Amino acid sequence: TANDRAARVLLQRRHHLEQGRSINLSSRDERMRSRDRLQAFFEGLQDVLRPAMTLEIGAHAAPFSQRMARLGREAHAFEANPYNYKAFVRQIRRRAPEVRYHHLAISDTDGSVTFEVKESRSGRPVKKIVGNNSLLRRTSPDISYESVTVPSARLDTFLARRELEGRSFSAWIDVEGALGIVTAGFGSAIRSCLSLIVEVEDIAFWQGQMLAADAMHFFDSQGMVPVARDFEAPHQYNLVYLRQDILGLPEVSAAIESYVQSL
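These notes cover the structure that comes with them. Position numbers for residues start from 1 in each chain and track the written sequence from start to end. Per-residue local features are limited, in this predicted model, to residues with pLDDT of at least 70; the limit for side-chain atom pairs, both in listing and counting, is 80 or more; totals at the level of whole chains, interfaces and linings are taken over all residues. Note that the side-chain values use all heavy atoms of the structure and ignore hydrogens as well as water.

## Focus: the packing of helix 2 (residues 28–49) against helix 3 (residues 63–70)
Keep this limit in mind: Axis definition: a line fitted to C-alpha atoms, limited for helices to the stretch in contact. Angles are taken between N-to-C directions and run from 0 to 180 degrees. Working definition: helices are DSSP H or I runs of at least four residues, strands are E runs of at least two. Numbering for both runs from the N terminus. Convention used here: angles under 35 degrees read as roughly parallel, angles over 145 as roughly antiparallel, angles from 65 to 115 as roughly perpendicular, and any remaining angle as oblique. In this scheme, a crossing is called left-handed if the near helix is turned counterclockwise away from the far one by less than a right angle; it is called right-handed if the turn is clockwise. The contact criterion used throughout is that any non-hydrogen atoms of two residues lie within 4.5 Å. All residues other than Ala, Val, Leu, Ile, Met, Phe, Trp, Tyr, Cys, Pro, Asp, Glu, Lys and Arg, Gly among them, are scored as polar; the first ten of these are nonpolar and the last four charged.
In the contact formed by helix 2 and helix 3, the axes pass within 12 Å of each other and the chain directions differ by 30°. Relative to helix 3, the element helix 2 is oriented roughly parallel. In this structure, helix 2 meets helix 3 at a crossing whose hand is right-handed. Of the residues in helix 3, those in contact with Phe42, Glu43 and Gln46 of helix 2 are Phe64, Arg67 and Met68. In terms of residue class, the contact of helix 2 with helix 3 is built from three nonpolar, one polar and two charged.

## Looking at unusual backbone geometry
Phi is positive for Glu176, which is not a glycine, with a value near 50°. With respect to the helices and strands, Glu176 occurs in the loop between strand 8 (169–173) and helix 6 (179–183). Positive phi outside glycine occurs at His235, with the angle close to 70°. One can find His235 in the loop between strand 10 (224–229) and strand 11 (236–243).

## Regarding the layout of surface pockets
The criterion, for reference: We place a 1 Å grid over just the protein atoms. Points where a 1.4 Å probe fits but has no way out form a cavity, open points with protein on both sides within 12 Å along at least 5 of 7 lines form a pocket, and any residue with an atom within 4 Å of a point lines it. Grid points are joined across faces, edges and corners, and a volume is the space filled by probe spheres set on the points.
Computed from the structure, the largest pocket encloses a volume of approximately 710 Å³. Along the walls of the largest pocket sit 32 residues, with Gly131, Asp174, Glu176, Glu199 and Glu232 positioned nearest its centre. Within the residue set of the lining of the largest pocket, elements represented by two or more residues are helix 2, helix 3, strand 5 (111–121), strand 9 (193–201) and strand 11. Per-element accounting of the lining of the largest pocket gives the leading share, five residues, to helix 2. A breakdown of the residues in the lining of the largest pocket according to their chemical character gives 12 nonpolar, seven polar and 13 charged.

## Notes on the pairing of strand 7 (residues 143–153)
Stated formally: For two strands to be treated as a pair, DSSP must find at least two bridges joining them.
With two bridges joining them, strand 4 (residues 105–106) and strand 7 adopt parallel strand pairing. When the sheet's bridge partners are listed, Ala105 is paired in strand 7 with Ser152. As paired elements, strand 5 and strand 7 share 10 bridges and run antiparallel to each other. By the bridge assignment, Val117 is partnered in strand 7 with Glu146.

## What to know about empty space enclosed by the protein
Considering all chains together, one arrives at two cavities of 30 Å³ or more under this definition. Reported here for the largest cavity is a volume of approximately 220 Å³. Around the largest cavity, the lining is made up of 22 residues, and of these Gly58, Ala80, Phe115, Asn133 and Val175 lie nearest the centre. The class makeup of the residues in the lining of the largest cavity is 11 nonpolar, eight polar and three charged. In terms of lining, the second largest cavity is formed by Glu116, Lys118, Asn132, Asn133, Ser134, Leu136, Arg137, Arg138, Tyr145 and Trp206.

## With respect to the environment of Ile173
Along the chain, Ile173 falls in strand 8. A C-alpha to C-alpha distance of 6.3 Å links Ile173 and Gly58, two positions 115 residues apart in sequence. With residues near it in sequence (within four places) discarded, Ile173 still touches Ile57, Leu179, Phe186, Leu196, Ile197, Val198 and Glu199.

## Observations concerning helix 2
The following threshold applies: Helices are assigned an expected span. That span is 1.5 Å times one less than the residue count. Whether a residue is buried, partly exposed or exposed follows from its accessible area with a 1.4 Å probe, protein chains only, as a fraction of its type maximum: under 20%, in between, or over 50%, in that order.
Counted at 1.5 Å a residue, the expected span for helix 2 with its 22 residues is 32 Å, and the 32 Å between its end C-alpha atoms agrees. The set of residues buried in helix 2 consists of Arg31, Met32, Ser34, Leu38, Phe41, Phe42, Glu43, Leu45, Gln46 and Leu49. Tucked into the core, helix 2 has its buried residues touching helix 3, strand 8, strand 9, strand 10, strand 11 and helix 8 (250–262). Of the residues flanking the end of helix 2, it is Arg50, one or two places downstream, whose phi is positive at about 50°.

Here it is, written out as structure tokens:
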């Protein structure tokens, strides 16, 4: 029920805050180390879970996909920003030709969507080859944008078109506030997801974004359980999710226990 879900999410949030007890949250270096540990934990989980493929949504230069491809995994990376895609596509094809690097926004829409590229802040030009542009605009009023139309697909549609539906996957999702738009296009694809790492925010940095509490309610409703978090920045952090029915596997339990003990 909704009340049961709310209680579970509250307990999850309290439990995860305990993971920060050993961290000096006023130290940026320590917060970054917590992020690096969490990311290493997620990557290590893939050796245990052995998904049929990995997805990197909001890929930028696709570092996760490149590492997974070098380990022999089928890796799909999605980058919506046309400036990023053009800047990195040749480099990725040269260094990790096995990576499927797609100029595509994974969203709730099949066809095309508007992507917001920051042009200036407080009247000063900003770089367009960056990892922090989004389908959404920031809440800050001092930013001007170039709105570009980019190709888009729902995740379930993309997998169906590639005859990939039903294959197990793990996903790294870092879409600068647009998590709600991405998850709205999951459809039945979520049933094949073994693990996720997602960036969330407790307060709105982007207009109309899904906040952390709403994201946790959504993933709980889909049978996904958060097992770890980092403390990357105030009100912004990453969560690692695992599918509920694999939590009891001995090798999965051991991996989680090892990570928690290392904190």
